[in-house]
Amino acid sequence: MKTQLQAILKAEFTRYFTLSKIIILSLVTILGVVIAMLPSWLGFFDSEAAGFFAIKDIFTYALKIIIPFSIFFITPGIIANDVNNFWFRTVFSRPVQRQTVLASKYIYASLLLLLFTIAFCLIPLIVFSFTAPGIEFNVFSVLSIWFFAYMEGLLFISIAIWFSCFLSKFFNVLLLAIWMFADNIVINGVLANFFWDSPIMGVFTEFFFPNGFANAASFYSLKDSFPVEHFFWGMAALTFFGALSYLHFSLINIDRPGND
Amino acid sequence: MKAIEISKLNKTFNKKSKMPTRALIDFDVEIIPGEVVGLIGPNGAGKTTLIRILMGFDNADSGSVSVFGIDNQDYRFKQLVGFQSDNQYRSKTMKTYDFLVLNSILAGFPNNDEQIHTLLEYFKLSQAADKSLVSLSKGMRQKVELISSFIGKPKLVVLDEPTAALDPPSVFELRDFISEQKKSGMTILFSSHHLTEVEKVSDRILFIDSGELKGNVLTSEAGPGFIEEAFRRYESERSFL
């Protein structure tokens, strides 16, 4: 099974990590580095405001941008495309278990997400640390925030893989966009203000629009202590959506009818 | 032990519509090891549905399928089976050779370069080994699928319209290749519309229409040209024999 997983994973990168993704990844890196060097170029560190500069906040915002962008770029059609282009017919005509293929999808998407966060956040941060004299730079703190944000990314991946089990690439993107919009603007923005003390609203939000890891990242950014409660809410949501994707992937038709 | 044992297989598409399509109706068939069996029938007869259910790509509504005694719901039966699809995966970035190596690894033969090279040479595809799958012609792509179905040591090979996109010399090559494999005791089930080829290669012919087995004929007991005659008769009299 290990050899099969390695072979399928290699095939995932051969098939999906195409030139367009390499170009986008390179552009993202360049953009990140340019943004990191802007304060130095603009003479920000000579100003009084430099004393109030919080690197953790900038890093958290950068992750909030790059993670949804990466998910939209990596995951749509990750299952549905392989049904339509007969890839699954090729793989499942062999003695391969579904969980092996699902694992390869998760590993592929997670590694690509890791590359995107390194390209847009960690590399620019290292560049920034060299161009920003006198700015406090706590590696552990930054890595902790990155860890929580990355876990949030894994949650998005599991949701996207679940969506992709029953939606085409287009509707996958659309539903993911609606879900993220509802999550950030409608649920946690507008409705949360009106129904902040409603237990029903609490349950609804935590089950369908989980924010455990995002809250954990914000909490850590503010208080510098491990956000136990938020982290376990995040883990619960990740397990829930991971299980849903596993269940649906076990049940879907992995092949579409051809000619008879 | 039978190579394939199919019992009371039923499959209906569009069950909720006013006009459901019964693709397979109480389908029973047994294939013994070492047999080469041709599956023929008009378009929409249920051939590909039967193959898809046999391979576990689709579920039957009722009935059972076993391959060398292993139920086809158990994925391990595929260790014994090679499969050539009528629809091929195409990729800009995956090369022919890599595709075959992947198939070999998934089949449980990670170090199988020699067999891959031998098969590529036999089907005159050595020069296409480094080409991407999408750059191959339809016929070449079909040959790649054929090669992949014979990779490893399958006891049963299922071919879905293997000659559909092949030119005549390639059809002859395939015919000779199947005859060679037959000598080694391999069981082969293949669907086709090329009646002459089916007659030349098969030990037995299954005629299927409207999801039912209408004819089960040993080619040794039928004279040359029997299949074409029987097919024509079926068109007018709805009786294969």
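Residues numbered from 1 in each chain as written. Chains lettered and ligands numbered in written order. Predicted model: local features only at pLDDT ≥ 70, side-chain atom pairs only at ≥ 80, totals over all residues. Heavy atoms only, no water.

A. Seen up close, the overall build of chain A. Helices and strands together make up the secondary structure of chain A, namely 11 helices and zero strands. Counted from the first residue to the last, chain A has its helices and strands arranged as α-α-α-α-α-α-α-α-α-α-α. Structurally, chain A occupies a C-alpha span of about 75 × 50 × 30 Å along its principal axes. Burial status across chain A gives 48% buried among its 260 residues. In chain A, once contacts between residues fewer than 6 apart in sequence are set aside, the share between residues at least 24 apart is 82%. Total accessible area computed for chain A in this model is approximately 12,700 Å², and 73% of it derives from carbon and sulfur atoms. (Helix = DSSP H or I, 4+ residues; strand = E, 2+ residues; numbered from the N terminus. Buried < 20%, exposed > 50% of the residue type's maximum accessible area, 1.4 Å probe, protein only. Contact = heavy atoms within 4.5 Å. Areas by Shrake-Rupley, 256 points an atom, 1.4 Å probe, with all protein chains shown as cover.)

B. Looking closely at the overall build of chain B. Secondary structure assignment for chain B yields seven helices and 10 strands. Referenced to the eigenvectors of the C-alpha coordinate spread, the extents of chain B come out at roughly 50 × 40 × 35 Å. The buried share among the 241 residues of chain B stands at 55%. Total accessible area on chain B stands at roughly 10,800 Å², and carbon and sulfur atoms take up 49% of it.

C. Broad picture of the interface of chain A and chain B. In this complex, chain A contributes 28 residues to the contact, which on the side of chain B involves 36 residues. Taken together, the two surfaces of chain A and chain B that pack against each other cover about 2,800 Å², and 56% of this comes from carbon and sulfur. Our enumeration of links across chain A and chain B arrives at one salt bridge. Here Arg 89 of chain A ties to Asp 86 of chain B by a salt bridge, and the two come within 3.0 Å at their closest N and O atoms. Inspection of the region where chain A meets chain B yields nine residue pairs in polar contact (both at pLDDT 80 or more). The element contributing the most residues to the side of chain A that touches chain B is helix 1 (residues 2-16) of chain A, with seven residues. Class assignment of the residues belonging to the side of chain A that touches chain B gives a composition of 11 nonpolar, 11 polar and six charged. (Buried area = accessible area lost by both parts, 1.4 Å probe. Salt bridge = Lys/Arg side-chain N within 4 Å of Asp/Glu carboxyl O. Polar contact = N/O pair within 3.5 Å; in protein donor to acceptor, adjacent residues only side chain to side chain. Nonpolar A, V, L, I, M, F, W, Y, C, P; charged D, E, K, R; others polar.)

D. Highlighting the packing of helix 2 (residues 96-106) of chain B against helix 3 (residues 113-122) of chain B. Residue and element names in this part refer to chain B. Two numbers describe how helix 2 lies on helix 3: the axes approach to 10 Å, and their chain directions differ by 130 degrees. The angle between helix 2 and helix 3 falls in the class oblique. When the axes of helix 2 and helix 3 are compared, the crossing they make is right-handed. Contact with helix 2, carried on its side by Thr 96, Tyr 97, Leu 100, Val 101 and Ser 104, involves Asp 113, Ile 116, His 117 and Leu 120 of helix 3 and no other residues of that element. Residues that form the contact of helix 2 with helix 3 fall into these classes: five nonpolar, three polar and one charged. (Axes fitted to C-alpha atoms, helices over the stretch in contact; angles between N-to-C directions. Parallel < 35°, antiparallel > 145°, perpendicular 65-115°, else oblique. Left-handed = near helix turned anticlockwise from the far one by under 90°.)

E. Focus on the packing of aromatic side chains. Residues and elements named next belong to chain A. One pass over the structure, following the stated rule, counts 30 aromatic pairs over all chains. Geometrically, the ring pair formed by Trp 162 and Phe 241 is tilted, given 5.9 Å between the ring centres and 55 degrees between the ring planes. Here Trp 162, found in helix 7 (residues 139-166), pairs with Phe 241, found in helix 11 (residues 228-251); they are 79 residues apart in sequence, far enough to count as distant. Both residues of the pair, Trp 162 and Phe 241, belong to the buried class. An aromatic cluster of at least three residues, connected via ring pairs, comprises Phe 147, Phe 148, Phe 213, Tyr 220, Phe 226, Phe 231 and Phe 232. Positioned above the aromatic ring of Phe 73 is the side chain of Lys 21, whose terminal nitrogen or guanidinium carbon lies 5.4 Å from the ring centre. Between the NZ or CZ atom of Arg 98 and the centre of the ring of Phe 92, over which it lies, the distance is 5.9 Å. (Phe/Tyr/Trp six-rings, centres within 6.5 Å; stacked < 30°, edge-to-face > 60°. Lys NZ or Arg CZ within 6 Å of the ring centre and 35° of its normal.)

F. Molecular detail of the sheet that holds strand 5 (residues 70-71) of chain B. Residues and elements named next belong to chain B. On the basis of which strands lie adjacent, the open sheet formed by four strands has the order 2-1-4-5 and antiparallel pairing. Of all strands in the sheet, those bounded by a partner on one side alone are strand 2 (21-31) and strand 5. Direction of pairing for strand 1 (residues 4-13) relative to strand 2: antiparallel, over a ladder of seven bridges. In the sheet register, Ile 6 faces strand 2, and the bridge partner there is Val 29. Running at roughly 115 degrees to strand 1, helix 1 (residues 47-54) makes contact with strand 1, strand 2 and strand 4 (62-67) of the sheet. (Pairing = 2+ DSSP bridges.)

G. Quick look at the environment of Leu 133 of chain B. Assignment of secondary structure puts Leu 133 of chain B in the loop between helix 3 and helix 4 (138-150). It is 21 Å that separates the C-alpha atoms of Leu 133 of chain B and Glu 173 of chain B, two residues lying 40 residues apart in sequence.

H. Fine view of the nonpolar core. One finds Phe 59, Leu 63, Ile 71, Phe 88 and Phe 249 of chain A together with Ile 188 of chain B to be the most contacted residues of the largest nonpolar core, which totals 150 residues. By residue number, the principal contributor to this core is helix 7 of chain A, which donates 17 residues. Beyond its immediate stretch of four places on either side in the chain, Ile 188 of chain B contacts Glu 35, Val 36, Val 37, Phe 150, Val 157, Leu 159, Ile 178 and Gln 181 of chain B. (Core = buried A, V, L, I, M, F, W, Y, C linked by side-chain atoms within 4.5 Å.)

I. Summary view of helix 3 (residues 55-74) of chain A. All names here are of chain A. If you check helix 3, its first and last C-alpha atoms are 28 Å apart, about what 20 residues at 1.5 Å a residue would give, namely 28 Å. Taken together, the buried positions of helix 3 are Ile 55, Lys 56, Phe 59, Thr 60, Ala 62, Leu 63, Ile 66, Ile 67, Ser 70, Ile 71 and Ile 74. The arc that holds the buried residues of helix 3, viewed along the axis, is 165 degrees, so those residues lie on one side. Facing away from the buried surface of helix 3 by more than 90 degrees, the exposed residues are Tyr 61 and Ile 65. (Expected span 1.5 Å × (residues − 1). Arc of directions from axis to C-beta.)

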